[in-house]
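Summary of the model geometry
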Amino acid sequence: AQSVTQLGSHVSVSEGALVLLRCNYSSSVPPYLFWYVQYPNQGLQLLLKYTSAATLVKGINGFEAEFKKSETSFHLTKPSAHMSDAAEYFCAVSNDYKLSFGAGTTVTVRA
Amino acid sequence: DAGVTQSPTHLIKTRGQQVTLRCSPKSGHDTVSWYQQALGQGPQFIFQYYEEEERQRGNFPDRFSGHQFPNYSSELNVNALLLGDSALYLCASSLANREVGTDTQYFGPGTRLTVL
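Note that the structure is a prediction, hence the values are computed from the model and not measured.

**Side note on the overall build of chain B**
- Looking only at helices and strands, one finds zero helices and eleven strands in chain B.
- Listed N to C, the secondary structure of chain B is β-β-β-β-β-β-β-β-β-β-β in terms of helices and strands.
- Taking the principal axes of its C-alpha atoms as reference, chain B extends roughly 40 × 30 × 30 Å.
- Looking at the 116 residues of chain B, the share that counts as buried comes to 49%.

If you want it as structure tokens, here you go:
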């Protein structure tokens, strides 16, 4: 079964600094990969998805992710962090009909 | 255009009781999936319903059951509640795609279940 691993359970960045969240996947076939964000006491909101059309995927709120097959990675980045980016971020891979999620990375933004 | 809606928002039950959670999919979607998210963890897949039938099931006991109605809405039922069933239950809807695994799932706000 396909799976994802998120490296780093907590990331702290200064406002205006680069946000980098790491996700590595394990798959024997080309995967469909997703990043979701979860704000406190809310459901999951789709940030972006990779479906093999382009290796660099742009999402909402200024986030983007790059699919690197050679590194089996799908890291999420944002050039300049905003206070509103404080949330939990989940990487997920599609497994037949279900999504398999990583453990999540909590982002805190320092003023 | 309404997104995925879930009810109730919060629920408190005691051990041994039964609970029913409800989900209405995003307009135009025909598939509903349910996930359990324990505190501090990523969501875990419970099952998916399509055409009123369970299409795939995760590693959850038979105490967890579901139903999909002709209007595509869905219910999640949990019997004989345990303390460990306390979690956020998320519903996600999607439009079934001919190529398996390519549909995008959109999540509702969740139902917070507390079992005492």
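Having seen the structure, we can now continue with the description.
**Describing the interface of chain B and chain A**
- Each partner contributes residues to the interface: chain B has 24 residues there, and chain A has 20 residues.
- For the pairing of chain B and chain A, the buried interface totals around 1800 Å² over both sides, and the portion due to carbon and sulfur atoms is 55%.
- Between the two partners, chain B and chain A, sit zero salt bridges.
- Between chain B and chain A we count seven residue pairs in polar contact (both at pLDDT 80 or more) in total.

**Examining the side chain of B:Gln68**
All names here are of chain B.
- Relative to the helices and strands, Gln68 resides in strand β7 (residues 64-68).
- Side-chain polar atoms of Gln68 contact the backbone oxygen of Asp30, separated by 3.1 Å.
- Looking at Gln68, its side chain comes within polar contact range of the main-chain nitrogen of Glu52, at 3.0 Å.
- Setting aside anything within four residues of it in sequence, one finds Gln68 in contact with Asp30, Thr31, Val32, Tyr49, Tyr50, Glu51, Glu52, Glu53, Ser73 and Ser74.

**Notes on the state of the cysteines**
- All chains considered together, the criterion is met by two disulfides over all chains.
- In this model A:Cys23 forms its disulfide with A:Cys91; the gap between the sulfur atoms is 2.0 Å. Handedness here is read from the sign of the S-S torsion; for A:Cys23 and A:Cys91, about -60°, the answer is left-handed. With a gap of 68 residues between them, A:Cys23 in strand β3 (residues 19-26) and A:Cys91 in strand β9 (residues 87-95) connect regions that are remote in the sequence.
- Each sulfur in the disulfide pair B:Cys23 and B:Cys91 lies 1.8 Å from the other. Taking the sign of the torsion about the S-S bond as the criterion, the disulfide between B:Cys23 and B:Cys91, at about -60°, is left-handed. A residue pair is termed long-range when its members are at least 10 positions apart, and B:Cys23 in strand β3 (residues 19-24) and B:Cys91 in strand β9 (residues 87-94) qualify at 68 residues.

**Structural notes on the pattern of salt bridges**
- The final tally for this structure, using the stated rule, is five salt bridges over all chains.
- The partner of A:Lys58 in a salt bridge is A:Glu64, with the nearest N and O atoms 2.8 Å apart.
- With relative accessibility at 63%, the residue A:Lys58 sits in the exposed group.
- Judged by relative accessible area, A:Glu64 falls into the partly exposed class, the value being 23%.
- Taking the shortest distance from any N to any O, the salt bridge between B:Asp85 and B:Arg63 comes out at 2.9 Å. With B:Asp85 in the loop between β8 (74-78) and β9 and B:Arg63 in the loop between β6 (53-57) and β7, this residue pair connects regions lying 22 residues apart in the sequence. Pair check on accessibility: B:Asp85 and B:Arg63 agree, each one buried.

Rules of the game
Residues numbered from 1 in each chain as written. Chains lettered and ligands numbered in written order. Predicted model: local features only at pLDDT ≥ 70, side-chain atom pairs only at ≥ 80, totals over all residues. Heavy atoms only, no water. Helix = DSSP H or I, 4+ residues; strand = E, 2+ residues; numbered from the N terminus. Buried < 20%, exposed > 50% of the residue type's maximum accessible area, 1.4 Å probe, protein only. Contact = heavy atoms within 4.5 Å. Buried area = accessible area lost by both parts, 1.4 Å probe. Salt bridge = Lys/Arg side-chain N within 4 Å of Asp/Glu carboxyl O. Polar contact = N/O pair within 3.5 Å; in protein donor to acceptor, adjacent residues only side chain to side chain. Disulfide = S-S within 2.5 Å.

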